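Chain residues, written in single-letter form:
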Amino acid sequence: MFCPAPRPRNAEATRAAILNAARERFAVQSYDEVGMRDVARDVGVDAALVSRYFGSKEDLFEAVLDSCDNSQLMLSVPRENFGEHIANEVIFQPKNEDKLKALMILLRSISSAKGMEIVQRGANTRIHGPFAEWVGGDDAAVKARLAAGFIMGMAIGREVTGGYGMDDAQCRRMAAKMAVYLQEMIDG
């Protein structure tokens, strides 16, 4: 990894540095491969300090997942523009390194029973539950899961294939269809 430069004592900065180092580690290694000592070494602190700020490795991983969660941005979109907004973001927005890192953390955690348990528990409380509440009405949970799965599938597909391999007109037609499908999922 890297040799950190010495820095003055600042609890908030140290906590942020630990969280950032853990985020970097979990993005390139599975939950089982990441050790508290490794994270501490990346920041240049004692492992006991990592435990003092975050508790256990599980608590640290949950904090990393919390720091990657941007679902509240999705829920801040006006309901009547939801499909169009999300489709345009997924299809046309430039790559976002933080979103890619979050995706890598999720994908790498699949190989760990404990990591996957933490991801699933957090996804239900941080993402699916609030999204279903935002959707509301009959079958809110079903609608939210369908929409979330569609959004995630499109986003992962974009990253896995390096784009959609279509010209601008095709991407615009795809965005228009995606917008309609998403809007129907949450309104239907």
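To start, this report covers the structure provided alongside it. (Residues numbered from 1 in each chain as written. Predicted model: local features only at pLDDT ≥ 70, side-chain atom pairs only at ≥ 80, totals over all residues. Heavy atoms only, no water.)

1. Some thoughts on the overall build of the protein
Thought 1: When you go through the protein residue by residue, the secondary structure sums to ten helices and zero strands.
Thought 2: Going from the N terminus to the C terminus, the protein shows its helices and strands as α-α-α-α-α-α-α-α-α-α.
Thought 3: Based on the C-alpha atoms only, the size of the protein along its principal axes is roughly 55 × 40 × 30 Å.
Thought 4: Counting only residues that meet the buried cut, the protein has 38% of its 188 residues in that class.
Thought 5: Long-range pairs, those at least 24 residues apart, make up 74% of the contacts in the protein with a sequence separation of at least 6.
Thought 6: By element, 55% of the accessible surface of the protein is carried by carbon and sulfur atoms, the whole surface being about 10700 Å².
Thought 7: One way to put it: in the protein the 23 positive side-chain charges average out to a point 5 Å from where the 26 negative ones average out. (Helix = DSSP H or I, 4+ residues; strand = E, 2+ residues; numbered from the N terminus. Buried < 20%, exposed > 50% of the residue type's maximum accessible area, 1.4 Å probe, protein only. Contact = heavy atoms within 4.5 Å. Areas by Shrake-Rupley, 256 points an atom, 1.4 Å probe, with all protein chains shown as cover. Lys, Arg positive; Asp, Glu negative; His and termini not counted. Charge placed at Lys NZ, Arg CZ, Asp CG, Glu CD.)

2. Some details on the packing of aromatic side chains
Thought 1: Applying the stated rule across the entire model yields seven aromatic pairs.
Thought 2: Between F131 and W134, the aromatic rings sit 6.0 Å apart at their centres with planes inclined by 25°, giving stacked as the arrangement. Of the two residues, F131 and W134 both sit in helix α8 (residues 113-135), three residues apart, roughly one turn of that helix.
Thought 3: Among the residues examined, W134 registers a relative accessible area of 22% and is labelled partly exposed.
Thought 4: With a centroid separation of 6.4 Å and an interplanar angle of 50°, the aromatic rings of F150 and Y181 are classed as tilted. With a gap of 31 residues between them, F150 in helix α9 (residues 140-161) and Y181 in helix α10 (residues 168-187) connect regions that are remote in the sequence.
Thought 5: Within the aromatic cluster, the residues linked to one another by ring pairs are F26, Y31 and F61. (Phe/Tyr/Trp six-rings, centres within 6.5 Å; stacked < 30°, edge-to-face > 60°.)

3. Side note on the nonpolar core
Thought 1: Counting 25 residues, the largest nonpolar core has F82, V90, I91 and F131 as its most contacted members.
Thought 2: Going through the elements one at a time, α5 (71-75), α6 (82-92), α8, α9 and α10 are the ones with two or more residues in this core.
Thought 3: The dominant element in this core, judged by the number of residues it contributes, is α10, at seven residues.
Thought 4: The contacts of F131, once residues within four sequence positions are left out, are M74, L75, F82, A144, A147, A148 and I186.
Thought 5: By size, the runner-up hydrophobic cluster in this structure holds 24 residues, among which are V39, L65, C68 and V119. (Core = buried A, V, L, I, M, F, W, Y, C linked by side-chain atoms within 4.5 Å.)

4. A few points about the packing of α9 against α10
Thought 1: Taken N-terminus to C-terminus, the directions of α9 and α10 make an angle of 160°; their axes are 8 Å apart at the nearest point. Relative to α10, α9 is oriented roughly antiparallel. Classified by chirality, the crossing of α10 by α9 is left-handed. Contacts between α9 and α10 involve K143, L146, A147, F150, I151 and M154 from the first element and M174, M178, Y181, L182, M185, I186 and D187 from the second.
Thought 2: Residues of the contact of α9 with α10, tallied by class, amount to eleven nonpolar, no polar and two charged. (Axes fitted to C-alpha atoms, helices over the stretch in contact; angles between N-to-C directions. Parallel < 35°, antiparallel > 145°, perpendicular 65-115°, else oblique. Left-handed = near helix turned anticlockwise from the far one by under 90°. Nonpolar A, V, L, I, M, F, W, Y, C, P; charged D, E, K, R; others polar.)

5. Describing the pattern of salt bridges
When the charged atoms of two side chains with opposite charge come close together, those side chains can pair.
Thought 1: The full count for this structure, using the stated rule, is eleven salt bridges.
Thought 2: Of the charged contacts, one joins E117 and K114 as a salt bridge, the two residues approaching to 3.5 Å between their closest N and O atoms. Residue E117 and its partner K114 are both found in helix α8; the two are separated by three residues, about one turn of the helix.
Thought 3: By sharing partners, the salt bridges in this structure join E58, E62, K114, E117 and R121 into a single network. (Salt bridge = Lys/Arg side-chain N within 4 Å of Asp/Glu carboxyl O.)

6. Describing unusual backbone geometry
Thought 1: With a phi angle near 55°, D139 is a residue other than glycine that sits in the positive phi range.
Thought 2: Mapped onto the elements of the fold, D139 is located in the loop between α8 and α9.

7. Thoughts on the side chain of K143
Thought 1: Secondary-structure assignment places K143 in helix α9.
Thought 2: Buried K143, no salt bridge; nearest opposite-charge side chain is D139, N-O distance 6.7 Å.
Thought 3: Only 3.3 Å separates the side chain of K143 from the backbone oxygen of D138, close enough to count as a polar contact.
Thought 4: In this view, K143 contacts V135, D138, M185, I186, D187 and G188; residues no more than four positions away in its chain are not counted. (Polar contact = N/O pair within 3.5 Å; in protein donor to acceptor, adjacent residues only side chain to side chain.)

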